[in-house]
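# Survey of secondary and tertiary structure
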Amino acid sequence: MRAADKRLNRREWLAAAAALGGAARGIAAGAPASPVSVGKYAGYDDHLVEGLARQFDQLGGIGKLVSGKTVAVKLNLTGGGRLGNYTAGQTHWVHPDVVGACCHLFGRAGARRIRLLEGAGRGEPLEDKMLNGGWDVAALRNSAPVVEFENTNYLGSGKRYARLKAARGFIYPGFDLNHSYEDADVFVSLSKIKHHEECGITLTIKNMFGATPNSIYGDDAGVDEPNENARRGREAVLHLGKRPPSKSAPQEIDPAGNRYEGYRVPRISVDLIAARPLDLCILDGIESSVGGEGPWVKGFQYAKPQMLVVGWNPVCTDTVAAALMGYNPRAERGQTPFHRLTPVAEGQPAWAENPMLLAESIGLGSADLSRIEVRGVPIREAVFDFESRRKI
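Just so you know, these numbers come straight off a predicted model, no measurement behind them. Along every chain, residues carry numbers that run from 1 in the direction the sequence is written. Reporting of local features is limited, given that this is a predicted model, to residues whose pLDDT is at least 70; pairs of side-chain atoms are given and counted only at 80 or more, and all residues count toward the totals for whole chains, interfaces and linings. Side-chain figures throughout are based on the complete set of non-hydrogen atoms in the structure, without hydrogens or water.

On to the overall build of the protein chain. Helix and strand counts for the protein chain stand at 15 helices and 14 strands. Using C-alpha atoms as the atom set, the radius of gyration is obtained and then compared with a globule rule of 2.2 Å times the number of residues to the power 0.38. At 19 Å, the protein chain has a C-alpha radius of gyration in line with the 21 Å of a compact globule built from 392 residues. The principal-axis extents of the C-alpha atoms in the protein chain amount to approximately 55 × 50 × 45 Å. Taken over 392 residues, the protein chain has a buried fraction of 60%. Contacts in the protein chain between residues at least 24 apart in sequence constitute 73% of all its contacts with a sequence separation of at least 6. Each accessible area value is a Shrake-Rupley result obtained with a 1.4 Å probe; residue values ignore everything except the protein chains displayed when judging cover. Carbon and sulfur atoms provide 50% of the accessible area of the protein chain, an area that totals close to 15,100 Å². Think of it this way: any DSSP run of H or I at least four residues long counts as a helix, any run of E at least two long counts as a strand, and we number them from the N terminus. Exposure is judged per residue with a 1.4 Å probe applied to protein chains only, and the accessible area is read against the type maximum: over 50% gives exposed, under 20% gives buried, and values in between give partly exposed. Contacts are assigned to residue pairs that have any heavy atoms within 4.5 Å of one another.

Following this line, the structure appears as structure tokens:
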């Protein structure tokens, strides 16, 4: 069931804004705008290192950003499984060749240490998750002088969790995260351009949702303290708010607030980028998928958009990426693409909030394309219509 693309009139818009608790979703005064680079690639073997280096240079270069620094990279390795003969990196995971190219370029620019971060739900080392996905972990280790791996679903190699506060949180005032998110001098998101079953699309902002450790925010998280043996996902705590996170972590601002995941997930994702700001955003759309975030979603299928998007600001980067997907980056909730992609029971909600507008409303970045300078390939020459390719 596709939500109707109904554009609100001014009276309806004001009512909707009031329903959001006064969080205006128009352009926030002073929301920063920064350039975004778009590159076209025939495949992952199409001079990827040279092309990505050129995109970094189009933004002014990464030398000053990473030289002598510890660089943490939040990957997008959502779930498991595969679609037919395609690898996960060709559909719903960021591709290992893009990860390797980034590590190589960070190392060449003088990064002291590169730490790859992602959650591995069964408690295994992140390297094992990568190996199970067909990655050449040895090649990644050798792509720069020092490359480390951390499964951020747990305490990991740290002695304590990092308390990171969101100055203007929607759902949470802050989070307890793996130490690697605090220890890094430079924080990078490396995500996939794709659809999402509940939220419509997954880009940089949504990638941060996976930074929350299962030990604290998982369905089997500890009640009082983290459970370092947690193995379940975040459905009950984060998606639906059926139970709180471990009491040792910051609790919800309003425990009686809206429990609908189309309301919660985008807001929690924005809370996370507010708590741990990003310094560089890279979106892999050379090969990807439509119809959902992984092969477990009905209608999920392979796609080849042939693009990489790079920017400094997550809101600006996602705004350009949404336009490249053929969508209106300022679409309101319930309008395409911000609605559930799979059918819901009669009378149940199907809308999702636009995380870019939420982030803009608290000044994290501009979602106004007219304020964002696109460098490299123009949007009109790189656009890939995701909506026309998905099965309804």
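Attention now moves to the confidence of the model for the protein chain. The score called pLDDT rates the predictor's confidence residue by residue, from a low of 0 to a high of 100. Per-residue confidence for the protein chain averages 92 on the pLDDT scale, and 92% of its residues sit at or above 70. For residues 1-27, every residue scores under 50 in pLDDT, and the model assigns this stretch 52 contacts once sequence neighbours within four places are set aside.

Between the rings of Phe, Tyr and Trp (Trp by its six-membered ring), a pair exists once the centres lie within 6.5 Å; its type follows the angle of the planes, with under 30 degrees stacked, over 60 edge-to-face, and the other angles tilted. Inspection of every chain in the model, using the stated rule, returns 9 aromatic pairs. Measuring from centroid to centroid gives 6.2 Å for Y172 and Y217, while their planes differ by 85°, and the two rings are edge-to-face. With Y172 in the loop between β5 (162-165) and β6 (174-177) and Y217 in helix α10 (residues 214-217), this residue pair connects regions lying 45 residues apart in the sequence. Judged by relative accessible area, Y172 falls into the buried class, the value being 0%. With a relative accessible area of 0%, Y217 lands in the buried category. Over the ring of Y263 we find R267, and its NZ or CZ is 3.7 Å from the ring centre. Here the guanidinium or amino end of R333 rests over the ring plane of W351, the centre of that ring lying 4.0 Å away. Ring-over charges, as used throughout, are those where CZ of Arg or NZ of Lys falls within 6 Å of the ring centre and within 35 degrees of the ring normal.

Attention now moves to the pairing of strand β3 (residues 113-118). In terms of residue burial, β3 counts as a mostly covered element, since 5 of its 6 residues are buried. Where strand β2 (residues 70-75) meets β3, 5 bridges bridge the pair, whose relative direction is parallel. Bridge pairing in β3 links T70 to R113. Only when DSSP finds a minimum of two bridges between them are two strands counted as paired. Pairing of β3 with strand β4 (residues 147-151), which is carried by 5 bridges, proceeds in the parallel orientation.

Of all 6 residues in strand β10 (residues 280-285), 6 are buried; the element is thus mostly enclosed. Taking every second residue as pointing to the same face, both faces of β10 are buried, with L280, I282 and D284 on one and C281, L283 and G285 on the other. Relative to β10, strand β7 (residues 186-192) runs parallel, the two being bridged by 5 bridges. Residue pairing for β10: V188 is matched across the bridge by L280.

Only one rule defines a salt bridge in this text: a Lys or Arg side-chain nitrogen within 4 Å of an Asp or Glu carboxyl oxygen. Considering all chains together, one arrives at 19 salt bridges under this definition. Across the pair E197 and R340 runs a salt bridge whose closest N-O atoms are separated by 3.3 Å. With a gap of 143 residues between them, E197 in the loop between β8 (194-196) and β9 (200-202) and R340 in the loop between α13 (314-324) and α14 (355-361) connect regions that are remote in the sequence. The salt bridge partner of D219 is R232, with a shortest N-O separation of 3.8 Å. Here the residue D219 occupies a position in the loop between α10 and α11 (235-239), and R232 occupies one in the loop between α10 and α11, the gap between them amounting to 13 residues. With relative accessibility at 16%, the residue D219 sits in the buried group. Linked by salt bridges that have partners in common, E197, E198, E261 and R340 make up one network.

Right, let's get into the packing of helix α2 (residues 48-58) against helix α5 (residues 96-108). Interaxial angle, 0 to 180 degrees, is taken between N-to-C directions of lines fitted to C-alpha atoms, where a helix line uses only the stretch in contact. Packing of α2 against α5 leaves a shortest axis separation of 10 Å and a crossing angle of 60°. Judged on the interaxial angle alone, α5 and α2 are oblique. The two elements α2 and α5 meet at a crossing, and its hand is right-handed. Only D97, V98, A101, C102, H104, L105, F106 and R108 of α5 make contact with α2, whose side of the interface consists of L48, V49, L52, A53 and F56. Across the contact of α2 with α5, the residue classes break down as 10 nonpolar, 1 polar and 2 charged. The labels follow the angle: roughly parallel below 35 degrees, roughly antiparallel above 145, roughly perpendicular from 65 to 115, and oblique for the rest. For any pair of crossing helices, the crossing counts as left-handed if the nearer helix is rotated counterclockwise from the farther one by less than a right angle, and right-handed if it is rotated clockwise. Basically, the charged four are Asp, Glu, Lys and Arg, the nonpolar ten are Ala, Val, Leu, Ile, Met, Phe, Trp, Tyr, Cys and Pro, and anything else, Gly included, counts as polar.

The end-to-end C-alpha distance of helix α12 (residues 261-275) is 20 Å, a good match for the 21 Å that 15 residues give at a rise of 1.5 Å each. Across the 15 residues that make up α12, a large majority, 15, are buried. Every helix has an expected span of 1.5 Å times one less than the residues it contains.

Let's shift gears to unusual backbone geometry. Outside of glycine, negative phi angles account for most residues, and trans bonds account for most peptide bonds. Note that the residue after T336, namely P337, is joined by a cis bond; omega there is 10°. Topologically, P337 is positioned in the loop between α13 and α14. Phi angles above zero are rare outside glycine, and H47 is one such case at about 50°. One can find H47 in the loop between β1 (36-40) and α2. In the Ramachandran plot, Q306 falls in the positive-phi region, its phi being about 65° despite a non-glycine side chain. Within the fold, Q306 resides in the loop between β12 (301-303) and β13 (307-311).

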